[in-house]
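Close look at the chain arrangement
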Amino acid sequence: MRRIPRGHRHRTAAALTLLCALTATTQSAALAAPGPATLEEVRAQLDDLYHQAEVATEKYNAADEKATAQRKKVDALHGRIKQAEQQEARLKALLGAAARAQYRGGGLPAEMQFALAADPEHALDDAALAERAQQGTQDRLTALEATRKELRTRTDEATAELKGLRASRRAMDDNRDRIEKRIATARALESQLRAEQLRKLAQLEKQAQDKAQAKWEDTGVLDKVSTKATPAGQKAIAYATKQLGKPYVWGAEGPDSFDCSGLTSQAWLHAGVVIPRTSEEQWARLPHVPVSQMRPGDLIIYFSDASHVALYIGDGKIISAPRPGRWVYVSPAGSMEILGVVRPDA
């Protein structure tokens, strides 16, 4: 997917009007068979819509990942709260038993028991026992207060995590709406194109990819890159290769469908390396390597917002899950705006 200049954005209504004119059979031959410039404008609009959908998809994935982590943390905190409550109940029971024992024993301080005892030797033993009992009671009171403090802290933490969880879910819902609206608008544009126009549109897309790839190769970068993958990289490529032909579905990470970062994260997971779920986090957290030093198995991150990622397989090619309506496929590595390269098994 090509990065779209800012000037092409927010022109959906105009493009729809244009396409209605293009498909009207009563229009002139020039409109019925628009020239490349007109279809290029339509292609740019479609690219922009699908790019926006992919940006929202990666944000959705990030919010989903965060919500999953928060849910686990909330569950763990609730487990600790339950343990603290049980500990509090046990301490209360022990304190109650100690209070009843002191009541039955008169509740007198140790020195009074010694002074009033008929047998001083036994009084010393009794006094020592009473002192230990009192110290035990005090220890339990201290432990009870500590448990109550921990309980309040855990409860506050759980409340904060639940608040964050709700915010993450709202973010997921917002991005889901953006994804579905962008895809629906793009499909509405495509649905108004006739078969011949769709064929020409595909030709324009391929021409743009080939042109970008040729420009990239002219830099001599492929003369410098490594052609050998590591054993883990070979496993990642083998996994991605097996997914060829499977459909792109936003938010999917297999086994039957993928989005761009779902494919790359799963490919490396099956190679035994856990990497972040989203393209933005893969760019932020994985080691960067110069494009000229990349090797098969590395991940190429695309666009300035790191909204797309693909697996480099060598010979200037990538495997990626491109966008809605497409399938996992092999394409030229330089056909999109390259932000940089990251290495999962650095």
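Refer to the structure printed above.
This one's a predicted model, so the numbers in the text were calculated from it and none came from an experiment.

As for the overall build of the protein
Across its full length, the protein carries 9 helices and 6 strands. In the protein, buried positions account for 40% of the 346 residues. In the protein, the proportion of contacts linking residues at least 24 apart, taken out of those at least 6 apart, comes to 72%. Accessible surface for the protein amounts to roughly 18,500 Å². Of this, 55% is attributable to carbon and sulfur atoms.

What to know about a positive patch on the surface
A grouping of Lys163, Arg166, Arg169 and Arg170 is seen on the molecular surface, where their side chains present a positively charged patch. You can see Arg169 is positioned in helix H5 (residues 120-191). Judged by relative accessible area, Arg169 falls into the partly exposed class, the value being 42%.

Considerations on unusual backbone geometry
A cis amide bond links Gly254 with the next residue in sequence, Pro255, at an omega value of 0°. With respect to the secondary-structure elements, Pro255 resides in the loop between helix H7 (231-242) and helix H8 (260-269). At Phe303, a position not held by glycine, the phi torsion is positive, near 70°. Note that Phe303 resides in the loop between strand S2 (299-302) and strand S3 (308-314). Despite not being glycine, Asp315 shows a phi value in the positive range, around 60°. The class for Asp315 is exposed, based on a relative accessible area of 66%.

Observations regarding the pattern of salt bridges
Summed over the entire model, instances satisfying the criterion amount to 12 salt bridges. Between Arg326 and Glu205 there is a salt bridge, with its nearest N and O atoms 2.9 Å apart. Taken together, the residues Arg326 in the loop between strand S4 (317-320) and strand S5 (329-332) and Glu205 in helix H6 (residues 195-217) connect sequence positions 121 residues apart. Among the salt bridges present, the one from Asp259 reaches Arg277, with a minimum N-O distance of 3.2 Å. Residue Asp259 is found in the loop between H7 and H8, and its partner Arg277 is found in the loop between H8 and helix H9 (279-285); the two are separated by 18 residues along the sequence. Looking at Arg277, the relative accessible area reads 8%, which means it is buried. Residues joined in a network through salt bridges with shared partners are Glu40, Arg43 and Asp47.

Concerning the packing of aromatic side chains
A full pass over the atoms with the stated rule returns 2 aromatic pairs. With centroids separated by 5.0 Å and ring planes inclined at 90°, the aromatic side chains of Tyr60 and Trp250 adopt a geometry described as edge-to-face. Of the two residues, Tyr60 sits in helix H3 (residues 36-104) while Trp250 sits in the loop between H7 and H8, which places them 190 residues apart along the sequence. On the basis of relative accessible area, Tyr60 is assigned to the buried category, the value being 12%.

Considering the pairing of strand S6 (residues 338-342)
One face of the sheet, then the other: side chains in a regular strand alternate in exactly this way. As paired strands, strand S1 (residues 288-289) and S6 are joined by 2 bridges and run antiparallel to one another. Bridge pairing links Val289 to Val341 in S6. By the bridge criterion, 4 bridges tie S2 to S6 in an arrangement that is antiparallel. Note on S6: the bridge partner recorded for Leu299 is Val342.

Some details on the nonpolar core
Within soluble globular proteins, side chains that are nonpolar generally end up buried alongside one another. Core analysis: the largest hydrophobic core is formed by 25 residues, its most contacted members being Phe258, Trp268, Ile275, Leu299, Leu311 and Val328. Only H7, H8, S2 and S3 provide two or more residues apiece to this core. Here the element with the most residues in this core is H7; it accounts for 5 residues. Sequence-distant contacts of Leu311, defined by excluding residues within four places in its chain, comprise Ala236, Ile237, Ala240, Thr264, Trp268, Gly297, Asp298, Leu299, Lys317, Ile318 and Ile319. Core analysis: the next-biggest nonpolar cluster, separate from the first, contains 14 residues, Val225, Tyr302, Tyr312 and Ala333 among them.

Some words on the packing of H7 against H8
Two packed helices can be described by the angle between their axes and the distance between those axes. With their axes 8 Å apart at the nearest point, H7 and H8 run at an angle of 130° to one another. Classified by the angle their axes make, H7 and H8 are oblique. Once H7 is placed against H8, the crossing between them reads as right-handed. Along the contact surface, H7 presents Ala232, Gly233, Ala236, Tyr239 and Ala240, while H8 presents Leu263, Gln266, Ala267 and Trp268. Residue composition of the contact of H7 with H8, by class: 7 nonpolar, 2 polar and no charged.

Section: H7
With 12 residues, H7 ought to run about 16 Å at 1.5 Å a step, and its terminal C-alpha atoms sit 17 Å apart, in line with that. Burial in H7 covers these residues: Ala232, Gly233, Ala236, Ile237, Tyr239 and Ala240. Across the axial projection of H7, the buried residues extend over an arc of 160°, all falling on one side. In H7, the exposed residues that point more than 90 degrees away from the buried face are Pro231, Lys235 and Lys242. Contacts from the buried residues of H7 go to H8, S3 and S4.

Calculation criteria
- Each chain carries its own residue numbering, running from 1 in the written order of its sequence.
- Totals for whole chains, interfaces and linings use all residues, but because this is a predicted model, local features are given only for residues with pLDDT of at least 70 and pairs of side-chain atoms are given and counted only at 80 or more.
- By convention in this description, side-chain values take in all heavy atoms of the structure and omit both hydrogens and water.
- Numbering of helices and strands runs from the N terminus; a helix is a DSSP stretch of H or I covering at least four residues, while a strand is a stretch of E covering at least two.
- Here's how the labels work: a residue is buried when its accessible area is under 20% of the maximum for its type, exposed when over 50%, partly exposed in between, all with a 1.4 Å probe on protein chains only.
- We call two residues in contact when some of their heavy atoms are within 4.5 Å.
- To be clear on the numbers: accessible area is Shrake-Rupley with a 1.4 Å probe, and residue cover counts the displayed protein chains and nothing else.
- Exposure above 30% relative accessible area and no salt bridge define the residues that can form patches, which grow by joining like charges within 9 Å and nonpolar side chains of Val, Leu, Ile, Met, Phe, Trp and Tyr within 5 Å.
- Just to be clear on terms, a salt bridge is a Lys or Arg side-chain nitrogen sitting within 4 Å of an Asp or Glu carboxyl oxygen.
- Charge assignment: positive for Lys and Arg, negative for Asp and Glu; neither His nor the chain ends contribute.
- Here the site of a charge means NZ on Lys, CZ on Arg, CG on Asp, or CD on Glu.
- Ring pairs shown here join Phe, Tyr and Trp side chains whose ring centres sit within 6.5 Å, with only the six-membered ring taken for Trp; geometry is labelled stacked below 30 degrees between planes, edge-to-face above 60, and tilted in between.
- Here the rule is simple: two strands pair whenever DSSP picks up at least two bridges between them.
- What makes a nonpolar core is a set of buried Ala, Val, Leu, Ile, Met, Phe, Trp, Tyr and Cys residues whose side-chain atoms join them at distances within 4.5 Å.
- For helices, the fitted line uses only the C-alpha atoms of the stretch in contact; every axis is such a line through C-alpha atoms, and the angle between N-to-C directions lies from 0 to 180 degrees.
- Our angle categories are set so that under 35 degrees counts as roughly parallel, over 145 as roughly antiparallel, 65 to 115 as roughly perpendicular, and the remainder as oblique.
- Here is the rule for handedness: rotate from the far helix to the near one, and if that takes an anticlockwise turn smaller than a right angle the crossing is left-handed, while a clockwise turn gives right-handed.
- Residue classes follow a fixed rule: Ala, Val, Leu, Ile, Met, Phe, Trp, Tyr, Cys and Pro count as nonpolar, while Asp, Glu, Lys and Arg count as charged, and any other residue, Gly among them, counts as polar.
- Between the first and last residue of a helix there are one fewer steps than residues, each counted as 1.5 Å, and that sum is the expected span.
- It is the directions from the helix axis to the C-beta atoms that the arc portrays.

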